[in-house]
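Reading the structure
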Amino acid sequence: HMMTQTHWTGGDYRVQLSPALYERVYGARVIWLIGRLIIGCLFLVSGTQKLMALDKFFMVQHAGDTAEVLAPVGAVSETLGGLLIAIGLATSWASLLMIVFTTCAALISHRFWELHDATAATQQAHFMKNMMIVGAFCLLYVAGGGPCSIDRWWRDREPDDNCLGEIGLEVG
């Protein structure tokens, strides 16, 4: 059931606000958490792998003279951004970092416009995939970490027990 919250606006009248984003559909809290964990952990693992083998970091092959700087900066950005998004800490700022990282990675690594053979289509598909991921980070920037995040806990100063309650795992 959807409920509209009543909030005082500071005057003698109340304004009816639409339900919070996580209250609009059943299971949204858990889905939000799962989505954040998937995208964050994928980037965390990928970034960690790049940190372990910077000399083999694919982006290095395409970055030219700036590779010695871009490879470690990219690997750290990907690792840190993925970790912050996965745990829901500074989610909007981490999303901005990942928007920049993913866009730069696409422009450096997937230059399909320079190719005229069969690899052009493959590189275009990789480029478009990165742009879709940028779109997801844009949405995460606006929406934030969600109800099951450190961001929310920090703001409210108490954990939200309903995150697991929606799937039948009552906490406390």
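Scroll up to find the structure.
Anyway, here's the lowdown on the structure attached to this text. (Residues numbered from 1 in each chain as written. Predicted model: local features only at pLDDT ≥ 70, side-chain atom pairs only at ≥ 80, totals over all residues. Heavy atoms only, no water.)

So, about the overall build of the protein chain. When helices and strands are counted, the protein chain shows 7 helices and 2 strands. Beginning at the N terminus, the succession of helices and strands in the protein chain can be written as β-β-α-α-α-α-α-α-α. Within the protein chain, the fraction of its 172 residues that count as buried is 32%. Sequence separation of at least 24 residues holds for 60% of the intrachain contacts in the protein chain that already meet a minimum separation of 6. (Helix = DSSP H or I, 4+ residues; strand = E, 2+ residues; numbered from the N terminus. Buried < 20%, exposed > 50% of the residue type's maximum accessible area, 1.4 Å probe, protein only. Contact = heavy atoms within 4.5 Å.)

Along the polypeptide, tryptophan 93 turns up in helix H4 (residues 91-109). When the C-alpha positions of tryptophan 93 and glycine 144 are compared, they lie 9.1 Å apart, and in sequence the two are 51 residues distant.

Turning to the nonpolar core, a few remarks are in order. One finds Ile39, Phe43, Ile85, Met98, Phe101 and Phe137 to be the most contacted residues of the largest nonpolar core, which totals 15 residues. Going through the elements one at a time, helix H1 (28-52), helix H3 (67-87), H4 and helix H5 (119-143) are the ones with two or more residues in this core. Of all the elements, H4 adds the most residues to this core, at 5 residues. Beyond its immediate stretch of four places on either side in the chain, phenylalanine 137 contacts Ile39, Phe43, Ile85, Ser95, Met98, Ile99 and Thr102. (Core = buried A, V, L, I, M, F, W, Y, C linked by side-chain atoms within 4.5 Å.)

Moving on, we get to the pattern of salt bridges. Evaluated as defined, the whole model comprises 3 salt bridges. Ionic pairing is found between lysine 50 and glutamate 78, a salt bridge with its closest N-O pair at 2.8 Å. In this pair, lysine 50 is assigned in helix H1 and glutamate 78 in helix H3, connecting sequence segments 28 residues apart. For glutamate 78, a relative accessible area of 3% translates into the label buried. (Salt bridge = Lys/Arg side-chain N within 4 Å of Asp/Glu carboxyl O.)

Following the criterion strictly, the structure yields 5 aromatic pairs and no others. With a centroid separation of 6.5 Å and an interplanar angle of 85 degrees, the aromatic rings of phenylalanine 43 and phenylalanine 101 are classed as edge-to-face. Highlighted residues: phenylalanine 43 in helix H1 and phenylalanine 101 in helix H4, separated in sequence by 58 residues. Grouping residues by exposure puts phenylalanine 43 and phenylalanine 101 together as buried. Grouping aromatic residues by their ring pairs yields a cluster made of Phe43, Phe101 and Phe137. (Phe/Tyr/Trp six-rings, centres within 6.5 Å; stacked < 30°, edge-to-face > 60°.)

Let us now look at the packing of H1 against H5. Between H1 and H5, whose axes approach to 12 Å, the crossing angle comes to 130 degrees. One finds that H1 runs oblique with respect to H5. Considering only the axes of H1 and H5, their crossing is left-handed. Note on element contacts: H5 touches H1 through Ile133, Ala136, Phe137, Leu140 and Ala143, opposite Trp32, Arg36, Ile39 and Phe43. When its residues are assigned to classes, the contact of H1 with H5 shows 8 nonpolar, no polar and 1 charged. (Axes fitted to C-alpha atoms, helices over the stretch in contact; angles between N-to-C directions. Parallel < 35°, antiparallel > 145°, perpendicular 65-115°, else oblique. Left-handed = near helix turned anticlockwise from the far one by under 90°. Nonpolar A, V, L, I, M, F, W, Y, C, P; charged D, E, K, R; others polar.)

What follows deals with the environment of glycine 81. Examined against the element boundaries, glycine 81 turns out to sit in helix H3. Judged by relative accessible area, glycine 81 falls into the buried class, the value being 0%. Between the C-alpha atom of glycine 81 and that of leucine 44, which follows or precedes it by 37 residues, the distance is 7.4 Å.

Below, the discussion takes up a nonpolar patch on the surface. A cluster of nonpolar side chains, namely Leu51, Val76, Leu80, Leu83 and Ile87, defines an oily patch on the protein surface of about 370 Å² accessible area. Here the element with the most residues in the nonpolar patch is H3; it accounts for 4 residues. (Patch = residues over 30% accessible without salt bridge, like charges linked within 9 Å, V, L, I, M, F, W, Y side chains within 5 Å. Areas by Shrake-Rupley, 256 points an atom, 1.4 Å probe, with all protein chains shown as cover.)

Moving on, we come to H4. The terminal C-alpha atoms of H4 lie 26 Å apart, and with 19 residues this matches the ideal 27 Å at 1.5 Å per residue to within 8%. Considered for burial, the residues of H4 that qualify are Thr91, Ala94, Ser95, Met98, Ile99, Phe101, Thr102, Ala105, Ala106, Ile108 and Ser109. (Expected span 1.5 Å × (residues − 1).)

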